[in-house]
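In case you want the letters, here they are:
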Amino acid sequence: MKIDWATVSSLATAGGTLVLAVATFYSVRSSNRAARSAERALQAGLRPVLFPSRSQDDVQKIHWADDHWAVVAGGRAVLDVADGIVYMAMSIRNVGSGIGVLMGWRVAPTPERPAPTSSPQQMRSALTRPDPKDFNQQSVDIYVPPGSAGYWLAALRDCEDAFREQIIAIIQARESLTIDLMYGDQEGGQRTISRFVVNQHPSSDSEWIIGVVRHWFLDRPGPR
């Protein structure tokens with residue numbers, strides 16, 4: 001039988017090409033996995049996570065642009081009303097490994113926080129992620145270093161804003177407030193919303209304590 005060497009050569013070349021293609025495919029897939037792992041490691045190194053600061057953290061002096069001053073202790077908030085302006089500040093801590101850059105804020109009455117007797121539907125509704133479009137932009141750049149305490153501040157100044165009057169009434173009645181903070185890393189990514197609840201201190205009429213109840217990720221799937 002005569003061997004068709006041209007056919008054998010073509011088949012051998014095709015087989016070699018197929019083997020090379022398979023090897024290349026697995027090599028590229030392995031490289032992609034390594035790249036994704038490296039990206040996740042980089043993101044983890046840049047990711048901020050904000051919590052209330054510790055009670056033993058240093059007292060911080062807060063200054064607003066109109067020369068209003070306040071002092072806020074660790075794990076505390078300031079809710080001052082002066083000349084019809086609502087001054088708000090919180091002592092917070094970045095427990096993540098990246099610098100936190102505050103981008104925006106949102107304040108609301110704490111009925112958004114579910115009561116212990118709330119139904120499951122009410123619980124889900126109260127912990128629905130707020131729309132980023134509803135946030136007020138920070139008027140100053142605020143950075144919170146990793147593993148360190150920092151602060152957040154804002155003010156409600158519009159005298160014709162009915163919502164401002166509602167917030168003033170809540171503060172004067174010593175009721176709770178919900179404050180949502182939107183922030184990201186120093187690259188402008190990994191945006192997160194953390195929901196804080198401000199309550200009157202149980203043993204002091206002049207102090208406000210804070211807690212965090214939920215974190216939402218805007219640029220990637222959340223942990224839940």
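See above for the structure.
The structure displayed is predicted, hence computed values, not measured ones.

1. Observations concerning helix H3 (residues 162–172)
Those residues of H3 that sit buried are Arg164, Ile167, Ile168, Ile170 and Ile171. The arc enclosing the buried residues of H3, seen along the axis, measures out at 160°, which places them on a common side. For H3, exposure combined with an orientation more than 90 degrees from the buried face picks out Ala162 and Gln172. Here the buried face of H3 lies against strand E4 (76–82), strand E5 (85–94), strand E6 (100–109), strand E9 (148–156), strand E10 (177–184) and strand E12 (208–217). Regarding H3, its N-cap is Asp161, as a side-chain oxygen of that residue lies 2.9 Å from the backbone nitrogen of Phe163 further along. Arg174, located one to two residues past H3, shows a positive phi value of around 60°.

2. Section: empty space enclosed by the protein
Summed over all chains, the structure comprises one cavity of 30 Å³ or more. Computed from the structure, the largest cavity encloses a volume of approximately 30 Å³. In this structure, the largest cavity is lined by Arg47, Gln190, Arg191, Thr192, Phe217, Asp219 and Arg220. Its residues assigned to classes, the lining of the largest cavity shows one nonpolar, two polar and four charged.

3. Considering the side chain of Thr192
By the secondary structure assignment, Thr192 is in strand E11 (residues 192–200). Within the structure, the side chain of Thr192 is placed 3.2 Å from the backbone oxygen of Gln190, a separation counted as a polar contact. With near-sequence residues (within four places) excluded, Thr192 lies in contact with Leu181, Met182, Tyr183, His215, Trp216 and Phe217.

4. Examining the environment of Val144
Tracing the sequence through the fold places Val144 in strand E8 (residues 143–144). Sequence separation of Val144 and Ile99 is 45 residues, and the distance between their C-alpha atoms is 5.8 Å. Non-local contacts of Val144, meaning those with residues more than four positions away in its chain, are made with Leu50, Ile92, Asn94, Gly98, Ile99, Gly100, Ala149 and Gly150.

5. A word on the pattern of salt bridges
Taken as a whole and assessed by the stated rule, the structure comprises seven salt bridges. One salt bridge in this structure joins Arg191 and Asp219, with 2.9 Å as the shortest N-O distance. Of this pair, Arg191 sits in the loop between E10 and E11 while Asp219 sits in the segment after E12; the two residues are 28 residues apart in sequence, bridging distant segments of the chain. Taking relative accessible area as the criterion, Asp219 reaches 42% and is therefore assigned partly exposed. Connected through salt bridges with shared partners, the residues Arg106, Asp180 and Arg195 form a single ionic network.

6. Considerations on the pairing of strand E3 (residues 69–72)
Only one face of E3 is covered, namely the one carrying Ala70 and Val72; the face carrying Trp69 and Val71 has none of its residues buried. Here strand E2 (residues 60–63) pairs with E3 via four bridges, running antiparallel. Within the sheet, the bridge partner assigned to Ile62 lies in E3 and is Ala70. From the end of E2 to the start of E3, which pair antiparallel, there are five residues, and Asp67 there has a positive phi angle of about 70°.

7. Focus: unusual backbone geometry
Of all residues except glycine, most have a negative phi; of all peptide bonds, most are trans. Of note, Asp83 is a non-glycine position whose phi angle comes to about 55°, a positive value. In this structure, Asp83 sits in the loop between E4 and E5. One non-glycine residue, Gln190, lies in the positive phi region at around 50°. For Gln190, a relative accessible area of 10% translates into the label buried.

Parameters and conventions
- Residues numbered from 1 in each chain as written.
- Predicted model: local features only at pLDDT ≥ 70, side-chain atom pairs only at ≥ 80, totals over all residues.
- Heavy atoms only, no water.
- Buried < 20%, exposed > 50% of the residue type's maximum accessible area, 1.4 Å probe, protein only.
- Helix = DSSP H or I, 4+ residues; strand = E, 2+ residues; numbered from the N terminus.
- Arc of directions from axis to C-beta.
- Contact = heavy atoms within 4.5 Å.
- Polar contact = N/O pair within 3.5 Å; in protein donor to acceptor, adjacent residues only side chain to side chain.
- 1 Å grid on protein atoms, 1.4 Å probe; cavity = no way out; pocket = protein on both sides within 12 Å on 5 of 7 lines; lining within 4 Å.
- Points joined across faces, edges and corners; volume = space filled by probe spheres on them.
- Nonpolar A, V, L, I, M, F, W, Y, C, P; charged D, E, K, R; others polar.
- Salt bridge = Lys/Arg side-chain N within 4 Å of Asp/Glu carboxyl O.
- Pairing = 2+ DSSP bridges.

Read these as spatial facts, not as claims about activity.
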